[in-house]
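# What the coordinates show
The lines below spell out each chain.
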Amino acid sequence: MRVLGIETSCDETGIAVYDSNGGLLAHDLYSQIGVHAEYGGVVPELASRDHVRKILPLIKQVLSDANTTAKEIDGLAYTSGPGLIGALMVGVCVGRALAYAWQVPAIGIHHMEGHLLAPMLEESPPAFPFIALLVSGGHTQLVEVKGVGIYHILGQSLDDAAGEAFDKAAKMLDLDYPGGPAIAELAKKGVAEKFKFPRPMTDRPGLDFSFSGLKTFTLNTIVKYRGDDVLPDDQTSADIACAFEEAVIDTLTIKCLRALKQTGLKRLVVAGGVSANERLREKLTERIHKINGEVFYARHEFCTDNGAMIAYAGCQRLLAGYHEDLAVTAKPRWPMDNLMPLTEE
Ligand code: KG4
Ligand code: ZN
């Protein structure tokens, strides 16, 4: 089965063609970073309009890159939630309309399921069951995964997501959007021991997260150390970025190890934009190997939003016989623990 995948939940137009026999045939991404940079975050209306401009040319290009004609597409998959409603509607409408025109089945995909399954596109994919740490701009979740669609949420953020915390801390330090890569870059010049930031909710049992206190701690530290200027000097800013990054990474690592211990599992999958963070990968890999476990990531370009993960997830679901009727459905909020399972638990 050959599936065209469409991702438009936020500020990236991602398109891909995945084939159940040939694997990933082509994928490409148009990032709107340039559109939103001057506002320091995503402006939803601008995002929707830019998806409208870019989606059809990108689909044509990816079909051509995949050496595929419309006639060879057996199904459509598009992100139908969660995300920005206007942005989602663009992908859902185009995907649904193409499926109708080409007379093939279509399926709406949960964006976080896409992230969760992205490591399946790698050469050595994880086997089920595993624990997934999903860390993106909108979500921070620990999920016990027994198969495609069998997701038991063990813990999640009670307030800000990890990526959101990176973005907000970056804004406080006057760094460019998106904040995650900018903080990571600045942190390389910092001295980790200079500041000790809290590791929220690690001193009590449970697998939930909270990052809003860390955000306040970061702001207070910046205010305390700023000189005549609005920001601390360059070295102090780098030290703060480093201490912030270490605190988030430590917190995530502690909770991952706790989730593995609690469930008796030894396999961890880390997915979503923040999983592109090199320090997080280093630390988690080291700690998971220490307990003789295995850890899996997607390649960097598939950690952040992309069409390949949606085409892959769609292919699995369409192969299992799921598809949607002609209704156009976009869900800005959509819990992940009640999706249709592909296998029995
Ligand atoms: O998965 P994603 O592309 O979009 C959502 O579904 O939200 O994640 C975007 C988030 C942003 O908050 C961004 O700052 C963060 O992932 N991010 C990173 C890194 N690269 C992206 N955070 C930390 N370190 C990175 N290298
Ligand atoms: Zn995402």
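Here, every reference points to the structure presented above.
Residues numbered from 1 in each chain as written. Chains lettered and ligands numbered in written order. Predicted model: local features only at pLDDT ≥ 70, side-chain atom pairs only at ≥ 80, totals over all residues. Heavy atoms only, no water.

## A few points about the nonpolar core
Nonpolar side chains tend toward joint burial in soluble globular proteins. Among the nonpolar cores identified, the biggest contains 44 residues, and L142, F244, L268 and V270 are the most heavily contacted of them. Counting residues per element, the ones that place at least two in this core are β6 (130-135), α5 (162-172), α6 (179-187), α7 (212-225), α8 (234-263), β9 (267-271), α9 (278-290) and β10 (294-297). Examining the composition of this core, we find that 14 residues originate from one element, α8, more than from any other. Not counting the four nearest positions on each side in its chain, F244 is found in contact with A165, F166, A169, I183, F197, L214 and T218. Formed by 36 residues, the second largest nonpolar core is a distinct cluster that contains M112, A118, A298 and M309. (Core = buried A, V, L, I, M, F, W, Y, C linked by side-chain atoms within 4.5 Å. Buried < 20%, exposed > 50% of the residue type's maximum accessible area, 1.4 Å probe, protein only. Helix = DSSP H or I, 4+ residues; strand = E, 2+ residues; numbered from the N terminus. Contact = heavy atoms within 4.5 Å.)

## Notes on the coordination of the zinc ion (ligand 2)
Within the protein, the atoms that donate to the zinc ion (ligand 2) are H111 (NE2), H115 (NE2) and D305 (OD), at distances of 2.0 to 2.1 Å. Of note, the zinc ion (ligand 2) draws all its donor residues from one chain, in the sequence arrangement H-x3-H-x189-D. Of the two residues, H111 is situated in helix α4 (residues 111-117) and D305 in the loop between β10 and α10 (308-319); the sequence distance between them amounts to 194 residues. Assessed through its relative accessible area of 7%, H111 is described here as buried. (Donors = N, O, S within 2.8 Å, 3.2 Å for Na, K, Ca; no water.)

## Here's the deal with the site of ligand 1
Ligand 1 sits among 18 residues. The nearest are H115, G137, D167, G180 and N277. Here an oxygen atom of ligand 1 sits 3.1 Å away from a polar atom, N or O, in the main chain of D305. In the complex, the protein chains occlude 88% of the 550 Å² of accessible area that ligand 1 would expose alone. Elements with a minimum of two residues in the shell around ligand 1: α4, α5 and α6. Each residue belonging to the shell around ligand 1 can be placed in one class, and the counts come to 4 nonpolar, 12 polar and 2 charged. (Near = heavy atom within 4 Å. Polar contact = N/O pair within 3.5 Å; in protein donor to acceptor, adjacent residues only side chain to side chain. Areas by Shrake-Rupley, 256 points an atom, 1.4 Å probe, with all protein chains shown as cover. Nonpolar A, V, L, I, M, F, W, Y, C, P; charged D, E, K, R; others polar.)

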